[in-house]
Amino acid sequence: MSEKLKGNILVTGANRGIGLELVKQLAGDEAHIYACCRAPEGSGAEALRDLTTQYPGKISIIQLDTSDEDSISAAVQAVNKQIGAGGLNLLINNAAINKPGTPAPLSASGKKDMMEVYEINVVGPFLIAKMLLPLLQRAAEMDSTVKDEGDKMSCRRSAIINISSLAGSIKICPENFARAQMYPYRASKAALNMVTRCQSEDFKRHNILVTAIHPGWVRTDMGGQEAPLSTQDSVHGMLAIMSSLSNKDCGMLLDWEGNMIPW
Ligand code: NDP
């Protein structure tokens, strides 16, 4: 049984679906959660606000719209002010959209959706990781017993988890394309996988682990009600996988049960 996650953890898209469940399950552990969402005061964040009452002092709600560079920058500043010497142990890039939805054939997808989905699902996570890098480095450096590049990486020490999708796998595409064409979404997750791979190469010199995880097909607004997995089971599985990740998993695409997915 792996050790539970702990330290300072930032989750994007934390007000509903998988993101909200991540906050719920992490709040019970020894972690402080920076729960980011685009409208903290809005009705869509009520469940997240309730969690802050249920777990006093464990959750900081931070405004963050992943499509807006100024909003990302302001969120990073707000986290920086609060976080202290320990730095950021884990960044979970979870927020994403799927436009124009499912099945979204070619005729339904145009430039607007392609650009918007790329901006939110790829550019956002890229910029968030870039701006949070000093805080992730700070956490990685806390363990002074490790010196070499790529030594003892883990989600407890310092890591980025990009929530990706099986739909972004180029190899598997022929098996599921007919069911859900989703050109913008598939292309965005394939690009996020490449960002993951690049960051894993880049950041291992700082001992920061970077891995992409597919949550399974989950019953959320995005996944739909016919999906087989509950948010509870998906998140329980992903957190168990995250807490077991080490050097060998850096730069990989895994599913919520730890199986490797081909690019
Ligand atoms: P939901 O649609 O249920 O939730 C999406 C979350 O992302 C919401 O909190 C939403 O906030 C947020 N979000 C969207 N756009 C932005 C933005 N510009 N800035 C900040 N937050 C934003 O999706 P899921 O919970 O199902 O998906 C979570 C992750 O899992 C995604 O990365 C998705 O691609 C991935 N995934 C999901 C699968 C599934 O079956 N559900 C399958 C494979 C992957 P708001 O309320 O403000 O819109």
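Computed from a predicted structure; not experimentally measured.

Undergrad: Got a sec to walk through the overall build of the protein chain? Specific residues and values, please.
TA: Scanning the protein chain from N- to C-terminus turns up seven helices and seven strands. Traced from its N-terminal end to its C-terminal end, the protein chain shows the element sequence β-α-β-α-β-α-β-α-β-α-α-β-α-β. A compact globule built from 263 residues should have a C-alpha radius of gyration of about 18 Å, and the protein chain, at 17 Å, falls within 12% of that. Taken along its principal axes, the extent of the C-alpha atoms in the protein chain is 55 × 40 × 35 Å. Within the protein chain, the proportion of its 263 residues that are buried is 54%.

Undergrad: So, helix H3 (residues 69–83): which residues are in play, and what are the values?
TA: The end-to-end C-alpha separation of H3 is 21 Å, in line with the 21 Å expected for 15 residues at 1.5 Å each. All of the buried residues in H3 are Ser71, Ile72, Ala75, Val76, Val79 and Ile83. Each buried residue of H3 sits inside an arc of 135 degrees when the element is viewed along its axis, so together they form one side. What points out from H3, more than 90 degrees from its buried face, is the exposed set Asp70, Gln77 and Lys81. Elements in contact with the buried residues of H3: strand E1 (7–11), strand E2 (31–37), strand E3 (59–63) and helix H4 (111–141). Of the residues that open H3, the one with a side-chain oxygen 2.9 Å from the backbone nitrogen of aspartate 70 is aspartate 68. A positive backbone phi angle near 80 degrees is found at glycine 84, which sits one or two residues after H3.

Undergrad: Talk me through the environment of methionine 260; I want residue IDs and the actual numbers.
TA: Relative to the helices and strands, methionine 260 resides in the segment after strand E7 (253–255). What makes methionine 260 exposed here is its relative accessible area of 59%. Taking the C-alpha atoms as reference, methionine 260 lies 33 Å from serine 73; in sequence the two are 187 residues apart. In this structure methionine 260 touches Met252, Leu253 and Leu254, once residues within four positions along its chain are discounted.

Undergrad: Explain the pattern of salt bridges to me, using residue names and the numbers behind them.
TA: In the structure shown here, the tally under the stated rule is seven salt bridges. The partner of lysine 204 in a salt bridge is glutamate 201, and the shortest N-O contact between them spans 3.3 Å. With relative accessibility at 26%, the residue lysine 204 sits in the partly exposed group. Between aspartate 202 and arginine 205 there is a salt bridge, with its nearest N and O atoms 2.7 Å apart. According to the relative accessible area criterion, arginine 205 is partly exposed, its value standing at 47%.

Undergrad: If you had to explain the site of the ligand to someone new, which residues and values would you point to?
TA: Not every one of the 29 residues close to the ligand is listed here, only the nearest: Asn15, Arg16, Asn94, Tyr185 and Thr220. For the ligand, an oxygen atom lies 2.5 Å from a polar atom in the side chain of tyrosine 185. In isolation the ligand has 890 Å² of accessible area, and contact with the protein removes 93% of it. Counting atoms within 2 Å of the grid points, the majority share of the ligand lands in the largest pocket. Contributions of two or more residues to the shell around the ligand are made by helix H1 (17–27) and helix H6 (183–203). When its residues are assigned to classes, the shell around the ligand shows 12 nonpolar, 12 polar and five charged.

Undergrad: Could you give an account of the packing of H3 against H4, with specific residues and numbers?
TA: Put simply, H3 and H4 touch, their axes get as near as 10 Å, and they point 20 degrees apart. In terms of orientation, H3 and H4 fall into the roughly parallel class. As H3 runs across H4, the sense of the crossing is right-handed. Residues Glu69, Ile72, Ser73, Val76, Val79, Asn80 and Ile83 of H3 pack against Gly124, Leu127, Ile128, Met131, Leu132, Leu135 and Arg138 of H4. Within the contact of H3 with H4, the residues separate by chemical class into nine nonpolar, three polar and two charged.

Undergrad: Provide a residue-level description of the sheet that holds E7, including the pertinent values.
TA: Strand pairing within a sheet occurs via backbone hydrogen bonds; the two strands may be parallel or antiparallel. Taken in spatial order, the seven strands of this open sheet run E3-E2-E1-E4-E5-E6-E7, and their pairing is parallel. Sheet topology places E3 and E7 at the edges, where each strand pairs with a single neighbour. Adjacent strand axes in the sheet meet at a mean angle of 20 degrees when their direction is disregarded. Bridge count between strand E4 (residues 90–93) and strand E5 (residues 159–163): four bridges; the pairing is parallel. Bridge assignment links asparagine 93 to a residue of E5, and that residue is asparagine 162. Running at roughly 150 degrees to E3, helix H2 (residues 46–54) makes contact with E2 and E3 of the sheet.

Analysis parameters
Residues numbered from 1 in each chain as written. Predicted model: local features only at pLDDT ≥ 70, side-chain atom pairs only at ≥ 80, totals over all residues. Heavy atoms only, no water. Helix = DSSP H or I, 4+ residues; strand = E, 2+ residues; numbered from the N terminus. Rg over C-alpha atoms; globule rule 2.2 N^0.38 Å. Buried < 20%, exposed > 50% of the residue type's maximum accessible area, 1.4 Å probe, protein only. Expected span 1.5 Å × (residues − 1). Arc of directions from axis to C-beta. Contact = heavy atoms within 4.5 Å. Polar contact = N/O pair within 3.5 Å; in protein donor to acceptor, adjacent residues only side chain to side chain. Salt bridge = Lys/Arg side-chain N within 4 Å of Asp/Glu carboxyl O. Near = heavy atom within 4 Å. Areas by Shrake-Rupley, 256 points an atom, 1.4 Å probe, with all protein chains shown as cover. 1 Å grid on protein atoms, 1.4 Å probe; cavity = no way out; pocket = protein on both sides within 12 Å on 5 of 7 lines; lining within 4 Å. Sits in = over half its atoms within 2 Å of the grid points. Nonpolar A, V, L, I, M, F, W, Y, C, P; charged D, E, K, R; others polar. Axes fitted to C-alpha atoms, helices over the stretch in contact; angles between N-to-C directions. Parallel < 35°, antiparallel > 145°, perpendicular 65-115°, else oblique. Left-handed = near helix turned anticlockwise from the far one by under 90°. Pairing = 2+ DSSP bridges.

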